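Next come the chains, spelled out residue by residue.
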Amino acid sequence: MIAKQLPMPEPAINIERVGIDFDRLERSLGLRAERIGPGRFRIAGGKHTHWVDLYTTDLPRCDCADHLWREQICKHILAALLREGDERVLAALQKLVAALRSHRLAA
C-alpha cells in the first residue's frame, strides 16, 4: 500500500501587509535554501547560515537581525518561499526582472 502524502499548508505570511522589498528579493537569488523539515529551511550562501520556519503565525520566523528587529520579510524568508514556488514571490520576481530590463533599456 502506498502512503498518501498530505498537502503542505500555505506559508503563514501576510505579504499583502508587509510587502516584498525588491532589493531583498534580488539578494535572495544568490542564496541556497535547503528544506530540513515541513516548512523549515537552512539558508546558506551569505556570511552566515540562517534558519527559517515558514509556518509560524503571521510572519514566518528567521533568526536574522533584519527579520527580528525590523519585522520585515528578509532575503532568507524570500529564498525559502522561492524554493517552495510561492506564487506571490514569483510574481514579485517577474516585476523585478521587468523593472531591471526597463532600467537597462533606458540607460
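The coordinates are above.
Scope of this entry: the structure provided in the associated data block. Just so you know, these numbers come straight off a predicted model, no measurement behind them.

### Quick word on the pairing of strand 3 (residues 50-53)
By the bridge criterion, 4 bridges tie strand 2 (residues 40-44) to strand 3 in an arrangement that is antiparallel. Of the residues in strand 3, the one forming a bridge with R40 is D53. Hairpin connection between strand 2 and strand 3: a loop of 5 residues separates the two successive antiparallel strands, and G45 in this loop has a positive phi of roughly 115°. Across 2 bridges, strand 3 lies against strand 4 (residues 61-62) in antiparallel orientation. Along strand 4, the bridge assignment pairs V52 with C62.

### Some points on the sheet that holds strand 4
Read across the open sheet, the 4 strands follow the order 1-2-3-4; overall the sheet is antiparallel. Whereas interior strands pair on both sides, the edge strands pair on one side only; in this sheet they are strand 1 (32-37) and strand 4. This element, helix 4 (residues 75-84), spans strand 1, strand 2, strand 3 and strand 4 of the sheet and lies at about 115° to strand 2.

The rules behind the values
- Residues numbered from 1 in each chain as written.
- Predicted model: local features only at pLDDT ≥ 70, side-chain atom pairs only at ≥ 80, totals over all residues.
- Heavy atoms only, no water.
- Pairing = 2+ DSSP bridges.
- Helix = DSSP H or I, 4+ residues; strand = E, 2+ residues; numbered from the N terminus.
- Contact = heavy atoms within 4.5 Å.
- Axes fitted to C-alpha atoms, helices over the stretch in contact; angles between N-to-C directions.

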